[in-house]
Amino acid sequence: MLMYINIAYKMCIQLHYMKKNAQEFFEQKTKRIGQETGTAEKRIFDRSYMSELSEKVGRGEIKKVHITGVCGKATSSLAGLFAEEGYDISGSDVGCYPPASDLINKLNIKFYEGFSKEHVKDKDLTIVANMFGPDNEEGAYVRENNLPQLSMSEAIAEFFIKDKTSIVICGTHGKTTTTGLCAHVFLSAGLNPGFLVGGVAVPTSNGIQETSFSSGAVRQNEQGIKDTTSDLAPQIESKHFIIEGDEYDTAYFDKSPKFLHYKPKVAVVTSLEFDHADIYSDFEEYKKSFIFLAEETASAENGGVLVLNGDSQDVRELSKFTEADVLYYGFDSTNDVTAKDIVVDDKGQVFTLVYKGNELGRLSIRLFGKYNLANTLAVIAIALNQNLSFEQICDGLATFNGMKRRQEIVATVNEITIIDDFAHHPTAVRETLAGIREHFPSNRIFAIFEPRSNTSRKKMFEHEYAHAFVSVDGLVLSMPELRHNDTPSDFIDGNVVVDESIKNYKKVPRNKGENGEENRESKEFYAVCVANGHQVIEKIAAIATPGDVLVIMSNGSFDGIHQKLIAVLEALS
């Protein structure tokens, strides 16, 4: 049986674009998980149809595509890509809510509530989201009947990246904003890239239609001018595809990170910190995925470049593992792309761009926080490498308003500002709040935090979270319920976070005392741990006053707390 599994697995990887070291490493990881869970035969199976499938894609013979788990953030955007390209696209899921449901309805995608083999019997291709194990009814049916199935990442590479210059934005933090900004700059420059982003940009006034995806295909008339009025005009494909490169695993039958499938010509690594503790055993295993990314990036002879945050030693070390050119960005003067003479005002940040020792000029962005300026430098490095002019870069940066759910001001009620943010890793929480403090230097700021992600729920991060709230004036921590994959002994203790946050707040100087020295001992830090969103609203309603800033931080919907809180604050007027 083991011999069969080994042979079958070799058949399973024909659409992977990985080099031998990465391929063998994740082959063994998938085998190990299969053996540990008793599901090896369901995870490692014959996919000998792959080469034929690739040929069919090239000949345009794939017409009907089904996505199992279509209501995810990324999978709904993938459905949009297929719909944009004219495929007969359908999808299934359990519960579908905005914004995914809005997108699916807008594009007239056939949606099935729940899973059934009847949904996939007549499809040319089924794409199975990575949230499902091998026993999902649709995934099991296509596997047992040797029908074509791909992971989301394989489908993106095969149908949409193809032979384009693939720009892959990776790293523990900052992927969504950096990818969204990169797509915006390229769109602003008229390059019409294909792209897939894990979020939607805040609308701008420069005519760019902000969305989370685009195939990059446009119609042009004989003069080469974009034609939006005729379906008969020739279709011209963009040369670039920009994508957020997630390091989470790919599918139940493929435990490699998604970004290794994207054939990177340009790969960016923004940061490296231990994350996704549910699938990586430690930081070394986590970092190994990025080492493979460095190895996978196209060689310099093939135009490849690895763009690294040079201020991080762990990120810098990835340069040892690539044959691509390397561009470093950051704030240290030794980096290739850096910023100097930085000025922060109420509109954003202005700085002088320095490229390989030469000052190119002044630039402005509408983003706050040092980490957002670092993300901007990464995009500038990409743009310069892809031969965008300084003027094109200036115009693109100046018109970008940020991403939804990233420091997004969703309402102002009775002079109380409500901000929504996706941050959940301790470092992301700390840096995001520091950026918001920079924007609101004199206001009282309260963080409303839900540790919802698999990593943030771990006890190992209790002490790091206790240092994440030192730049604000209060914390309301909402504890999530235990899930089936939570271990009670390894679950975060909200009271520990609250108690240590109070102690750490007092240790950080901020306010001038009578003698001119900075002192925080005299300021009271409001911190409380509650059980749910309803109790959060009760606490905030009792303490919020005009001028306060409320920052809601969760990587989920947080039980719709945003609109509920707005309604309660409006009723208090």
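Computed from a predicted structure; not experimentally measured.

*Asks:* How would you summarise the overall build of the protein chain if you had to cite specific residues and measurements?
*Replies:* Regarding its fold elements, the protein chain presents 18 helices and 27 strands. Looking at the protein chain residue by residue over its 573 residues, the buried ones come to 57%. Restricting to contacts in the protein chain with at least 6 residues of sequence separation, those with at least 24 account for 66%. A total of about 24300 Å² of accessible surface is found on the protein chain, and carbon and sulfur atoms cover 48% of it.

*Asks:* Go over helix 2 (residues 20-37), please, and point to the residues and values.
*Replies:* Between the first and last C-alpha of helix 2 there are 26 Å, a value that for 18 residues agrees with the 26 Å anticipated at 1.5 Å per step. If you check which residues of helix 2 are buried, you get Ala22, Phe26, Glu27, Lys29, Thr30, Lys31, Ile33 and Gly34. Where helix 2 ends, the next residue or the one after it, glycine 38, has phi of about 70°, a positive value.

*Asks:* Could you give an account of unusual backbone geometry, with specific residues and numbers?
*Replies:* A positive phi angle, close to 50°, is found at asparagine 146, a residue other than glycine. Among the secondary structure elements, asparagine 146 is positioned in the loop between helix 7 (137-144) and strand 5 (149-150). Its relative accessible area of 37% is what places asparagine 146 among the partly exposed residues. Of note, aspartate 341 is a non-glycine position whose phi angle comes to about 50°, a positive value. Mapped onto the elements of the fold, aspartate 341 is located in strand 17 (residues 337-345).

*Asks:* Residue-level account of the state of the cysteines, with values.
*Replies:* Scanning the model with the defined rule gives 1 disulfide in all. In this model cysteine 71 forms its disulfide with cysteine 96; the gap between the sulfur atoms is 2.3 Å. Handedness here is read from the sign of the S-S torsion; for cysteine 71 and cysteine 96, about -105°, the answer is left-handed. Linking cysteine 71 in the loop between strand 1 (64-68) and helix 5 (73-84) with cysteine 96 in the loop between strand 2 (88-93) and helix 6 (100-106), this pair joins segments that are 25 residues apart in sequence.

*Asks:* Pulling in residues and values, what's your account of the packing of helix 2 against helix 10 (residues 283-296)?
*Replies:* At their nearest, the axes of helix 2 and helix 10 sit 10 Å apart, and the two run at 145° to each other. For the pair helix 2 and helix 10, the sense of crossing is left-handed. Two secondary-structure elements touch here, helix 2 through Asn21, Ala22, Phe25, Phe26, Lys29 and Arg32 and helix 10 through Glu285, Lys288, Ser289, Phe292, Glu295 and Glu296. Of the residues in the contact of helix 2 with helix 10, the class split is 4 nonpolar, 2 polar and 6 charged.

*Asks:* Break down the side chain of aspartate 93 for me, citing the residues and quoting the values.
*Replies:* When you line up the elements, aspartate 93 lands in strand 2. At 2.9 Å, the side chain of aspartate 93 and the backbone nitrogen of cysteine 71 are in polar contact. Once residues lying within four places of it in the same chain are set aside, the contact partners of aspartate 93 are Gly69, Val70, Cys71, Gly72, Phe111, Tyr112, Glu113, Gly114, Phe115 and Phe132.

*Asks:* Hey, could you go over the packing of aromatic side chains for me, with residue numbers and the actual values?
*Replies:* Centre-to-centre distance and the angle between the planes together describe a pair of aromatic rings. As enumerated under the stated definition, the model contains 19 aromatic pairs in all. Look at phenylalanine 45 and phenylalanine 253: their rings are 5.7 Å apart centre to centre, the planes differ by 80°, and that puts the pair in the edge-to-face class. One end of the pair, phenylalanine 45, is in the loop between helix 3 (40-43) and helix 4 (50-59); the other, phenylalanine 253, is in the loop between strand 12 (249-251) and strand 13 (254-257), and 208 residues separate them in sequence. Here phenylalanine 45 falls in the buried class, since its relative accessible area comes to 5%. A centroid spacing of 5.0 Å and a plane angle of 75° characterise the contact between phenylalanine 82 and phenylalanine 160, whose relative ring orientation is edge-to-face. With phenylalanine 82 in helix 5 and phenylalanine 160 in helix 8 (residues 152-161), this residue pair connects regions lying 78 residues apart in the sequence. With a relative accessible area of 2%, phenylalanine 160 lands in the buried category.

Cut-offs used in this document
- Residues numbered from 1 in each chain as written.
- Predicted model: local features only at pLDDT ≥ 70, side-chain atom pairs only at ≥ 80, totals over all residues.
- Heavy atoms only, no water.
- Helix = DSSP H or I, 4+ residues; strand = E, 2+ residues; numbered from the N terminus.
- Buried < 20%, exposed > 50% of the residue type's maximum accessible area, 1.4 Å probe, protein only.
- Contact = heavy atoms within 4.5 Å.
- Areas by Shrake-Rupley, 256 points an atom, 1.4 Å probe, with all protein chains shown as cover.
- Expected span 1.5 Å × (residues − 1).
- Disulfide = S-S within 2.5 Å.
- Axes fitted to C-alpha atoms, helices over the stretch in contact; angles between N-to-C directions.
- Left-handed = near helix turned anticlockwise from the far one by under 90°.
- Nonpolar A, V, L, I, M, F, W, Y, C, P; charged D, E, K, R; others polar.
- Polar contact = N/O pair within 3.5 Å; in protein donor to acceptor, adjacent residues only side chain to side chain.
- Phe/Tyr/Trp six-rings, centres within 6.5 Å; stacked < 30°, edge-to-face > 60°.

Note that all results are geometric; they support no functional claim without further evidence.
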